[in-house]
Amino acid sequence: MSNDEKLLQFLYACPVGLIEFDASGRITMINPHAMQHLLPLGGPAASENFFTAMENCAPELRSIAGSYTSDHGTIRGSHRIFVDLAEKRRKGRPQVLSCSLVKLGAERFMATLSDISDEVAREHRLRQADTWFSALIDGINDYGVIVVSGDLTVISANRSFSRQTGRSFEQVIGRSVGDILLTPDADDPGMDSVEDQFCMAARDGWNLYEGWERRANGERYWCQRLIVVRDEDEKAGDSTFSVILRDVPPRESDSGDLITMLTRDDLTGASNRMYFHKTLRREKLRWQSRKDPLSLVMLDLDHFKAINDRFGHPGGDAVLCAVARTALAMKPANAVFARLGGEEFALLLPGRGLQEASRIASDLCDAIARTPIEAAQGKITVTASLGCAELGEVQGSTDDLIELADSRLYHVKRTGRNRVLATTP
């Protein structure tokens, strides 16, 4: 058997995706396992350019590879990529790919791709278990128990719960658990809402969270919250939950840095695609229960390919970073500004209707056009096209919300660019 035949046999049998490409991302070699991962991401053109195929879920790979100055060596090992493909979800979890980048020579790169979704799920479970049982060593100041019905109404509470939180039985029985337990805010990026935690407990049998809780007098304390599904209530015809709250000393850790790494775009500092979709799902639940308005602004930079062609990818990266800085400085406190891929961004606006979303988008559109950007070849000016939509327009479908905002954005693209559209022509 010749060396070429041995190589082909290895590529076909290798259980890990292998891609060789040049500095521009043009693929020179790819094995079948890698094609299984790339085709759902980039379609038929995925076999032509690695960076283009990964643009929607991991746009940072281009800048990571481009910033590596040595002629050869490991650029990034086990870089985690959260793939937001509905058909790839497993039991409510997104697919997670591990990508390693190696530089083989001045113009030669190699990437490996493997599916680590199950491994990440196991790690999450282990971290939860470690968080829970570490309190046995760290010390428990107090613990309380409440029982919650299937419609998330508090049925009962023990004396320790009243002692821990300062809330009497009369203050909690019959009330929604969302009014009793601390709701996440802008200071808790990536945290699931109280309602989401109960949904996950119903799905998995239990859910564990560690973070700040609040007593009746406003004092915050560090709390471990375990939600467990009880036996089905025969009378109500629905499951009930036990919620155990433990007052424990806060532990010093680098969890804040880890949360930032997992929820932020590596290049621009905006929220990433995974965090955007997670927040959108959470805000949809809030919209269904409270009927507060929820709007979305889709933003796409005009003639971005021409900017890359003229100023190179470093110039394009400078534009993306400048636009993100402008948007993050202008967005309302509870809004989420995210990079969805390439030059496409989204601004999620909880509590704001279409008219207010249009005004915010117009201000952002004007600010981007006024922002000068420095590059090695000179100053760059850029404009953006924006489309707005409100969840009520599409009867609560998040997929239709994105599609409607996108369709208005691309109508702007076709009819002149550098403006905002909030109605369908």
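Residues numbered from 1 in each chain as written. Predicted model: local features only at pLDDT ≥ 70, side-chain atom pairs only at ≥ 80, totals over all residues. Heavy atoms only, no water.

(A) Inspection of the overall build of the protein chain at higher detail. Of the regular secondary structure elements, the protein chain holds 14 helices and 17 strands. Burial analysis of the protein chain (425 residues in total) assigns 48% to the buried set. Considering only intrachain contacts with a sequence separation of at least 6, the fraction spanning at least 24 residues in the protein chain is 55%. Within the structure as shown, the protein chain displays about 21000 Å² of accessible surface, and the carbon and sulfur contribution to it stands at 50%. (Helix = DSSP H or I, 4+ residues; strand = E, 2+ residues; numbered from the N terminus. Buried < 20%, exposed > 50% of the residue type's maximum accessible area, 1.4 Å probe, protein only. Contact = heavy atoms within 4.5 Å. Areas by Shrake-Rupley, 256 points an atom, 1.4 Å probe, with all protein chains shown as cover.)

(B) Highlighting the packing of helix 11 (residues 273-290) against helix 14 (residues 398-414). The geometry of helix 11 relative to helix 14 is characterised by a closest axis approach of 11 Å and an angle of 115° between their N-to-C directions. Contacts between helix 11 and helix 14 involve Phe276, His277, Leu280 and Lys284 from the first element and Thr398, Leu401 and Ile402 from the second. Per-class residue counts for the contact of helix 11 with helix 14 are four nonpolar, two polar and one charged. (Axes fitted to C-alpha atoms, helices over the stretch in contact; angles between N-to-C directions. Nonpolar A, V, L, I, M, F, W, Y, C, P; charged D, E, K, R; others polar.)

(C) Summary view of the pattern of salt bridges. Under the criterion given, the structure shown has 15 salt bridges. Between Arg62 and Glu55 there is a salt bridge, with its nearest N and O atoms 3.8 Å apart. Just as Arg62 is buried, Glu55 falls in that class too. Through salt bridges with shared partners, a single network forms among Glu55, Arg62, Asp265 and Arg339. (Salt bridge = Lys/Arg side-chain N within 4 Å of Asp/Glu carboxyl O.)

(D) The confidence of the model for the protein chain, seen in detail. Residues of the protein chain with pLDDT of at least 70 account for 81%, and the chain-wide mean is 81. Within the model, pLDDT remains below 50 along residues 86-92, and this stretch shows 11 contacts once partners closer than five positions in the same chain are excluded. Confidence drops under a pLDDT of 50 for residues 186-190, and excluding neighbours within four residues, the segment shows seven contacts in the predicted structure. (pLDDT = per-residue confidence, 0-100.)

(E) Molecular detail of the environment of Pro332. Within the secondary structure, Pro332 sits in the loop between helix 12 (304-330) and strand 12 (336-341). Judged by relative accessible area, which is 13%, Pro332 ranks as buried. Residues Pro332 and Leu347, 15 residues apart in the sequence, show an inter-C-alpha distance of 9.9 Å. Discounting residues that sit within four places of it in the chain, Pro332 has contacts with Leu349, Arg352 and Ile360.

(F) Region of the structure containing the packing of helix 12 against helix 13 (residues 354-369). Running from N to C, helix 12 and helix 13 point in directions that differ by 145°, and their axes come no closer than 10 Å. Every pair of crossing elements has a handedness; the one defined by helix 12 and helix 13 is right-handed. In this structure, helix 12 contributes Val323, Thr326, Ala327 and Met330 to the contact, and helix 13 contributes Asp363, Leu364, Ala367 and Ile368. Tallied by class, the residues present in the contact of helix 12 with helix 13 amount to six nonpolar, one polar and one charged. (Left-handed = near helix turned anticlockwise from the far one by under 90°.)

(G) Structural context of the nonpolar core. Counting residues in hydrophobic clusters, the biggest one holds 34 residues, and the most contacted among them are Val297, Leu299, Leu301, Val319, Val382 and Leu386. Looking at this core, the elements that each hand over two or more residues are strand 11 (294-301), helix 12, strand 13 (344-350), helix 13, strand 14 (373-375) and strand 16 (384-390). Once residues within four sequence positions are removed from consideration, Val297 is found in contact with Phe345, Ala346, Leu347, Leu349, Ala357, Ala361, Leu386, Gly387 and Cys388. Residues Ala53, Leu61, Val83 and Leu101 belong to the second largest nonpolar core, which totals 24 residues. (Core = buried A, V, L, I, M, F, W, Y, C linked by side-chain atoms within 4.5 Å.)

(H) Structural context of the sheet that holds strand 1 (residues 17-21). Spatially, 2-1-5-4-3 is the arrangement adopted by the five strands of the open sheet, whose pairing is antiparallel. Two strands lie at the open edges of the sheet, namely strand 2 (27-30) and strand 3 (73-83), each paired on one side alone. For this sheet the average axis-to-axis angle between neighbouring strands, irrespective of direction, equals 20°. Sheet analysis places strand 3 next to strand 4 (residues 95-103), joined by eight bridges and oriented antiparallel. Within strand 4, the residue paired with His79 across the bridge is Cys99. (Pairing = 2+ DSSP bridges.)

(I) Geometry of helix 14. Between the first and last C-alpha of helix 14 there are 24 Å, a value that for 17 residues agrees with the 24 Å anticipated at 1.5 Å per step. Regarding helix 14, the residues found buried are Thr398, Leu401, Ile402, Leu404, Ala405, Asp406, Arg408, Leu409, Val412 and Lys413. Two residues or fewer after helix 14 comes Gly416, characterised by a positive phi angle close to 130°. (Expected span 1.5 Å × (residues − 1).)

(J) Spatial organisation of the sheet that holds strand 11. Taken together, five strands build an open sheet; the order of strands is 12-13-11-16-17 and the sheet is mixed. Looking along the sheet, the strands with just one partner apiece sit at the ends: strand 12 and strand 17 (420-421). Relative to strand 13, strand 12 is paired through five bridges, and the arrangement is antiparallel. Across the sheet, Ala338 pairs through a bridge with Ala346, a residue of strand 13.

(K) Expanded view of unusual backbone geometry. Of note in the backbone geometry, Ser78 takes a positive phi value of approximately 55° without being a glycine. In this structure, Ser78 sits in strand 3. Judged by its relative accessible area of 51%, Ser78 is exposed. In the Ramachandran plot, Leu152 falls in the positive-phi region, its phi being about 65° despite a non-glycine side chain. As for its position among the elements, Leu152 is in the loop between strand 6 (142-148) and strand 7 (154-157). Leu152 gets classed as buried once you look at its relative accessible area, which sits at 17%.

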